[in-house]
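# Examination of the molecular architecture
Now for the letters of each chain:
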Amino acid sequence: MYTIGIDIGSTACKAVALKDGKEIVGSSIIQTGTGTSGPGRVYEDVFKAAGLMPEGVSRIVVTGYGRLTFEKADNQISELSCHAKGVHFLMPQARTIIDIGGQDAKALKLSPAGTLTGFVMNDKCAAGTGRFLDVMAKILEVDVGELAELSSRSTERISISNVCTVFAESEVISQLAAGKKREDIAAGIHMSVANRVAGLARRVGIEPDVVLTGGVAQNLGVIRAMSEILEMNILPAPMPQLTGALGAAIFAYDEAIKLK
Amino acid sequence: MRNYQEILDTLIDVSKHPLRQVKEFKARTGHKAIGCFPEYVPSELVYAAGMFPVGLWGGSVENSRAKEYVPAFCCYVLMSDLEYGLNGTYKDIDAVIIPSLCDTLKCLGQNFKVAVPSIKHIQFTYPQMRKIEAGVTFLESEYGRVLAALEEICGTKVTDKAISEAINVFNDNRRALRRFVGLASEHTDVITPVIRHAVIKSGFFMEKPQHTALVNELCDALSALPVSKKGKRVLLTGIMADDDAMLNILTDNGLAIAVDDLAQETRQFRYDVPSEGGSAMHRLAMWWQIFEGCSLAYDPEKKRIDMILEDVDKYDAKGVIVCMMKFCDPEEYDYPLLKDALEKKGVPCLYMEIDQKAEAQAQTRIQAFSEIL
């Protein structure tokens with residue numbers, strides 16, 4: 001039996017095709033989010049990647065910020081439940097998940113059985129999210145994917161506000177104007193994100209293993225900063241952008257079995 | 001007996017048109033309307049003076065002029081009350097009574113007085129030490145000041161007998177609303193979160209006897225229906241949950257309100273004013289002494305937490321939604337205690353920050369909470 005999970009985020013669309021609820025047979029990531037061509041493209045792409053036709057798929061579950069407007073799925077489930085499901089599948093030892101997406105950040109608490117028992121989300125603010133990194137990378141004139149490497153060469157600690165993206169942007173411009181090194185500023189930016197998200201994680205109650213998911217989990221600079229602030233090892237999920245879609249695909253499988 | 005839907009339609013309509021209600025009362029009676037600020041005001045005194053007590057619980061408005069007087073971290077319900085005063089929305093309100101229940105209210109009263117000189121301002125203070133006799137005596141004297149100001153506005157003296165009659169009228173309303181809350185919990189198929197809120201809220205914009213009669217009629221009609229506890233049952237706690245968009249998200253995600261602990265709702269009518277024990281004014285002041293379960297009423301034992309836990313059991317609530325009024329210090333101070341207590345009891349808890357509008361993430365938060373339940 002094949003099922004598909006689609007995660008329509010604010011800045012990227014992700015999809016996973018699953019065989020018998022266990023084996024990933026295809027996946028796709030399109031780097032544009034809800035309200036763009038991304039949802040339609042990721043839908044077509046995941047079928048191609050898995051070599052499947054729509055009639056060969058038993059059930060589709062959609063999740064993510066754009067889940068309510070996507071019409072090709074059989075059901076929609078919140079991204080919090082899907083991340084919990086996906087991460088538990090990949091890393092059953094995970095008890096805390098920190099998910100940093102394009103425009104929100106979440107901390108999730110899992111039971112040993114992998115069920116979601118509590119969560120905290122960021123408030124109406126881009127600080128501590130992928131959007132914050134995008135804005136800062138632009139000022140530093142680097143691709144967001146290059147920020148981690150840049151920060152790894154930092155020699156001096158620079159503090160950047162974690163309260164407001166707009167204030168932080170002005171702060172970074174001032175630091176650049178003051179002749180501070182881009183490497184140090186990049187490291188400061190990662191500490192800013194990590195500080196903000198660590199606050200969320202502490203509110204939900206941190207219990208190891210702590211797993212980082214979402215697009216920002218690909219940034220080693222943020223992982224280093226989070227490990228330092230939380231004083232523990234932070235494990236990036238093996239396929240951090242896809243855990244929500246994977247969880248949705250597993251939910252789709254569970255539902256399909258129940259409906260049989 | 002009328003169909004319950006007819007009664008609900010009336011109450012919902014009233015809850016959506018408070019200013020029309022004020023205009024209609026004034027045109028019909030020639031009497032004045034007195035705005036009662038959140039959260040607790042002795043509205044009985046307004047009624048006893050023959051005037052219309054109107055609950056002023058703000059609304060969804062873009063606060064612009066109010067920011068000239070208060071900082072951005074002022075709670076939205078009070079900021080929007082000031083905005084409505086400044087932009088003329090409250091032009092048919094003749095005076096406002098503002099209780100000094102929190103730091104924001106203390107300052108806002110002064111701001112309102114200066115910023116909206118066209119509306120008479122009556123401010124009073126609740127005693128912190130409310131359990132001692134001196135506290136009751138102090139509050140009686142504060143209520144005396146409020147009454148004197150009201151007498152000046154209405155131009156007549158208000159007798160103790162009139163206050164006593166007003167207490168009876170308001171207690172009847174409290175009893176009707178308690179009955180409604182109990183029945184609403186057993187008829188969640190009909191009484192959705194939005195409807196439940198409208199029934200209670202409409203009481204702030206109707207003459208009390210009329211509201212009591214309608215609520216009792218509604219309760220009779222509900223009693224005749226089969227019990228239906230449809231949905232995942234939750235308890236709402238906080239200052240208020242006034243946003244229909246947010247309440248509809250609860251319904252859309254299969255949640256039903258088992259009971260509430262909201263200042264705008266159950267906390268208003270959980271206790272009656274004592275029907276015996278001294279003058280009417282004294283008994284009115286006694287209400288604040290017997291009142292429990294609110295972050296705004298000083299209680300070193302924090303009985304509110306246990307009261308919520310008891311209600312979780314009594315009304316079979318599977319989860320608690322904390323409707324945290326943004327920037328409300330008193331409620332924020334209670335939250336860690338409540339969170340700990342609920343965790344110990346194994347009751348899932350959702351923290352929702354309440355602002356002018358349902359936040360963009362409200363759908364995701366509530367849906368995920370429903371999925372947990």
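Residues numbered from 1 in each chain as written. Chains lettered and ligands numbered in written order. Predicted model: local features only at pLDDT ≥ 70, side-chain atom pairs only at ≥ 80, totals over all residues. Heavy atoms only, no water.

## What to know about empty space enclosed by the protein
Residue and element names in this part refer to chain B. Enumeration over the complete set of coordinates arrives at four cavities of 30 Å³ or more. As a volume, the largest cavity reaches approximately 450 Å³. For the lining of the largest cavity, the secondary-structure elements that each account for two or more residues are α3 (43-48), β2 (52-55), α7 (160-186), α9 (208-223), α11 (266-269) and α12 (280-290). Counting residues per element, the lining of the largest cavity draws most heavily on α7, at four residues. Its residues assigned to classes, the lining of the largest cavity shows 18 nonpolar, seven polar and four charged. (1 Å grid on protein atoms, 1.4 Å probe; cavity = no way out; pocket = protein on both sides within 12 Å on 5 of 7 lines; lining within 4 Å. Points joined across faces, edges and corners; volume = space filled by probe spheres on them. Helix = DSSP H or I, 4+ residues; strand = E, 2+ residues; numbered from the N terminus. Nonpolar A, V, L, I, M, F, W, Y, C, P; charged D, E, K, R; others polar.)

## A short note on the environment of Tyr 40 of chain B
Residues and elements named next belong to chain B. Along the chain, Tyr 40 turns up in the loop between β1 (33-36) and α3. Remark: the alpha-carbon pair of Tyr 40 and Pro 274, spanning 234 residues in sequence, is separated by 16 Å. Beyond its immediate sequence surroundings of up to four residues, Tyr 40 is in contact with Pro 99, Leu 101, Phe 124, Tyr 126, Ala 263, Arg 267, Gln 268, Trp 287, Trp 288, Phe 291, Cys 294 and Leu 296. (Contact = heavy atoms within 4.5 Å.)

## Brief notes about the pairing of strand β6 (residues 96-100) of chain A
All names here are of chain A. When you tally the buried positions in β6, you get five out of five residues, the bulk of the element. Where burial is concerned, the two faces of β6 agree: the one with Thr 96, Ile 98 and Ile 100 and the one with Ile 97 and Asp 99 are both buried. In terms of strand pairing, β6 meets strand β7 (residues 105-110) through five bridges, oriented antiparallel. Residue pairing across strands places Ile 98 opposite Ala 107, the latter belonging to β7. A loop of four residues connects β6 with β7, the two strands running antiparallel in sequence. (Buried < 20%, exposed > 50% of the residue type's maximum accessible area, 1.4 Å probe, protein only. Pairing = 2+ DSSP bridges.)

## Quick notes on the pattern of salt bridges
If the charged atoms of two oppositely charged side chains come close together, the side chains can form a pair. Applying the stated rule across the entire model yields 45 salt bridges over all chains. A salt bridge links Asp 7 of chain A to Lys 14 of chain A; the nearest nitrogen and oxygen atoms lie 3.8 Å apart. Each member of the pair, Asp 7 of chain A as well as Lys 14 of chain A, is classed as buried. The shortest N-O distance in the salt bridge between Lys 106 of chain A and Asp 99 of chain A comes to 2.8 Å. Overlapping salt bridges, with partners in common, bring together Asp 261, Arg 267, Arg 270, Lys 302, Arg 304, Glu 331 and Asp 334 of chain B in one network. (Salt bridge = Lys/Arg side-chain N within 4 Å of Asp/Glu carboxyl O.)

## Here we look at helix α5 (residues 165-177) of chain A
All names here are of chain A. Given a rise of 1.5 Å per residue, 13 residues ought to cover 18 Å, and the 18 Å separating the end C-alpha atoms of α5 matches this to within 8%. Turning to α5, its buried residues number three or more, namely Thr 165, Ala 168, Val 172 and Gln 175. Looking down the long axis of α5, one finds its buried residues gathered within 75° of arc, a one-sided arrangement. Across α5 from its buried face, at more than 90 degrees, point the exposed residues Val 166, Phe 167 and Ala 177. Its buried side turned inward, α5 meets α3 (130-139) and α6 (182-204). Positive phi shows up at Gly 179, right after α5, with a value of about 85°. (Expected span 1.5 Å × (residues − 1). Arc of directions from axis to C-beta.)

## Concerning the domain arrangement of chain A
Residue and element names in this part refer to chain A. You can read the domains of chain A as domain 1 (1-91 + 239-260) and domain 2 (95-236). Averaged C-alpha coordinates put domain 1 and domain 2 at centres separated by 26 Å. Carbon and sulfur atoms supply 72% of the area buried between domain 1 and domain 2, which totals about 1,400 Å² over both sides. Connecting domain 1 to domain 2 are zero salt bridges. Where domain 1 touches domain 2, the interface holds three residue pairs in polar contact (both at pLDDT 80 or more). Here the element with the most residues in the side of domain 1 that touches domain 2 is helix α2 (residues 79-90); it accounts for seven residues. Partitioned by chemical class, the residues of the side of domain 1 that touches domain 2 number six nonpolar, seven polar and one charged. (Domains from an automatic or database assignment. Buried area = accessible area lost by both parts, 1.4 Å probe. Polar contact = N/O pair within 3.5 Å; in protein donor to acceptor, adjacent residues only side chain to side chain.)

## What to know about the packing of α7 of chain B against helix α8 (residues 193-201) of chain B
Helices that pack against each other are described as a pair by the angle of their axes relative to one another and the distance between those axes. Residues and elements named next belong to chain B. Running from N to C, α7 and α8 cross one another at 175°; their axes reach a closest spacing of 11 Å. Taken together, the axes of α7 and α8 lie roughly antiparallel to each other. Taken together, the residues of α8 that come into contact with α7 (itself represented by Leu 177, Phe 180, Val 181 and Ala 184) are Arg 196, Val 199 and Ile 200. Taken together, the residues that form the contact of α7 with α8 break down as six nonpolar, no polar and one charged. (Axes fitted to C-alpha atoms, helices over the stretch in contact; angles between N-to-C directions. Parallel < 35°, antiparallel > 145°, perpendicular 65-115°, else oblique.)

## Quick look at the packing of α7 of chain B against α12 of chain B
Running from N to C, α7 of chain B and α12 of chain B cross one another at 35°; their axes reach a closest spacing of 8 Å. The residues of α12 of chain B that touch α7 of chain B, namely those facing Asp 160, Ile 163, Ser 164, Ile 167 and Arg 174 of chain B, are Ala 280, Met 281, Arg 283, Leu 284 and Trp 287 of chain B.

## Brief notes about the side chain of Arg 67 of chain A
Relative to the assigned elements, Arg 67 of chain A resides in the loop between β4 (57-63) and β5 (75-76). Arg 67 of chain A gets classed as buried once you look at its relative accessible area, which sits at 2%. Within the local environment of Arg 67 of chain A, its side chain forms a polar contact with the side chain of Thr 364 of chain B, the two groups lying 3.3 Å apart. If sequence neighbours within four positions are ignored, Arg 67 of chain A has contacts with Val 62, Gln 76, Ile 77, Ser 78 and Glu 79 of chain A together with Gln 363, Thr 364 and Gln 367 of chain B.

## Notes on the sheet that holds β7 of chain A
All names here are of chain A. Reading across the sheet, the five strands line up as β8-β7-β6-β9-β10 and stay open at both edges, with mixed pairing between neighbours. Unpaired on one side and paired on the other, β8 (116-121) and β10 (234-236) mark the two borders of the sheet. Strand-to-strand twist in this sheet, taken as the mean axis angle between neighbours without regard to direction, amounts to 25°. Sheet topology note: the β6/strand β9 (residues 210-213) ladder contains four bridges and is parallel. Bridge pairing in β9 places Ile 98 opposite Leu 212. Of the strands in this sheet, β6, β9 and β10 are in contact with helix α7 (residues 220-230), which crosses β10 at around 155°.

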